[in-house]
Amino acid sequence: MPETARPTGDDDCADCALVGRRSFMKEAALLLAAIATSLGTTPARAAAMSLGAIRPLQRAGDEHTYPLPAEDGATIDHDSEIIVVRFQQKVYGFNLSCPHQHTALKWQAEDHQFQCPRHHSRYTPDGVFVSGRATRGMDRFGIRRDGDNIVIDVAKYYQQDKNKAEWEAAFLAL
């Protein structure tokens with residue numbers, strides 16, 4: 001997995017604020033509620049969904065094991081910089097960082113999209129690039145099912161512009 005680094009020498013970013021943990025967690029909560037609402041879940045049910053950071057059930061080398069998400073939404077493993085998304089009967093493992101300049105992505109509830117707070121690149125819940133300064137979709141990790149769990153392999157790191165076939169196949173169909 002690439003290192004998360006602050007950009008240097010970019011005049012457009014001189015006054016960009018870094019996203020704090022509390023702000024990120026608040027927006028992660030909005031992500032879960034917005035995805036659920038956009039897929040027909042009631043606001044009350046979306047509010048009842050579990051929110052917060054997750055940790056892997058197990059780590060074995062580059063493989064991180066998580067419970068299979070029971071419903072559409074997203075959870076974040078901050079320590080490993082992984083976003084786990086269940087969306088339209090598929091599960092994805094994404095890198096938390098924007099592929100443009102590695103800023104932590106956030107959720108825009110009103111648009112039902114991920115957005116980079118630095119340059120406003122936008123992505124659909126399945127990681128497809130919509131607009132902004134980025135030039136590709138969100139970076140995906142290899143993923144497989146293991147019983148009632150999913151295993152995300154951070155050594156299998158796919159960029160849409162460099163590994164198109166692998167990037168397109170990097171999801172788990174339910």
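Our subject in this report is the structure included herewith.

Criteria and cut-off values
- Residues numbered from 1 in each chain as written.
- Predicted model: local features only at pLDDT ≥ 70, side-chain atom pairs only at ≥ 80, totals over all residues.
- Heavy atoms only, no water.
- Helix = DSSP H or I, 4+ residues; strand = E, 2+ residues; numbered from the N terminus.
- Buried < 20%, exposed > 50% of the residue type's maximum accessible area, 1.4 Å probe, protein only.
- Pairing = 2+ DSSP bridges.
- Salt bridge = Lys/Arg side-chain N within 4 Å of Asp/Glu carboxyl O.
- Phe/Tyr/Trp six-rings, centres within 6.5 Å; stacked < 30°, edge-to-face > 60°.
- Lys NZ or Arg CZ within 6 Å of the ring centre and 35° of its normal.

## Brief notes about unusual backbone geometry
Next up, step 1: The phi dihedral of Gln89 falls on the positive side, at around 65°, and the residue is not glycine.
Next up, step 2: With respect to the secondary-structure elements, Gln89 resides in the loop between β4 (82-87) and β5 (90-95).
Next up, step 3: The class for Gln89 is partly exposed, based on a relative accessible area of 45%.
Next up, step 4: Notably, His120 is not glycine yet its phi reads approximately 65°, a positive angle.
Next up, step 5: Following the sequence through the fold, His120 ends up in the loop between β7 (113-115) and β8 (122-123).

## Digging into the pairing of strand β2 (residues 63-67)
Next up, step 1: As judged from the three bridges shared by strand β1 (residues 58-60) and β2, these two strands associate in the antiparallel manner. From the neighbouring strand, Arg59 faces β2, where its bridge partner is His64.
Next up, step 2: Following β1, the chain reverses through two residues before pairing antiparallel with β2; Gly61 in that reversal takes a positive phi of roughly 65°.
Next up, step 3: Bridge analysis of β2 against strand β11 (residues 149-158) gives five bridges, and the strand direction is antiparallel. Bridged to Tyr66 within β11 is Ile150.

## Brief notes about the pattern of salt bridges
Next up, step 1: Tallied over the entire structure, the rule returns five salt bridges.
Next up, step 2: Among the salt bridges present, the one from Asp72 reaches Arg86, with a minimum N-O distance of 3.7 Å. Residue Asp72 is located in the loop between β2 and β3 (73-77), and its partner Arg86 is located in strand β4; the two are separated by 14 residues in the primary sequence. Residue Asp72 shares its accessibility class with Arg86, and that shared class is buried.
Next up, step 3: The salt bridge partner of Asp161 is Arg136, with a shortest N-O separation of 3.9 Å. Here Asp161 is found in the loop between β11 and α3 (164-169), whereas its partner Arg136 is found in the loop between β9 (129-131) and β10 (140-146), with 25 residues between them in sequence.
Next up, step 4: By relative accessible area, which is 46% here, Asp161 ends up partly exposed.
Next up, step 5: Bridged by salt links that share partners, the residues Arg136, Asp139 and Asp161 form one connected network.

## Focus: the packing of aromatic side chains
Next up, step 1: One pass over the structure, following the stated rule, counts five aromatic pairs.
Next up, step 2: Ring centres of Tyr92 and Phe94 lie 5.5 Å apart, and the angle between their planes is 15°; on these two criteria the pair is classed as stacked. Here Tyr92 and Phe94 have matching classes, each one buried.
Next up, step 3: With 6.5 Å between their ring centres and 65° between their planes, Phe94 and Phe114 make a pair best called edge-to-face. Of the two residues, Phe94 sits in strand β5 while Phe114 sits in strand β7, which places them 20 residues apart along the sequence. The pair Phe94 / Phe114 is uniform in exposure class, with both members buried.
Next up, step 4: Here a set of aromatic residues connected by ring pairs shows up, and it is made of Tyr92, Phe94, Phe114 and Phe171.
Next up, step 5: Lying across the ring of Phe171, Lys90 places its NZ or CZ 4.6 Å from the centre.
Next up, step 6: Above the face of the Trp167 ring, Arg140 is positioned so that its terminal group lies 3.7 Å from the ring centre.

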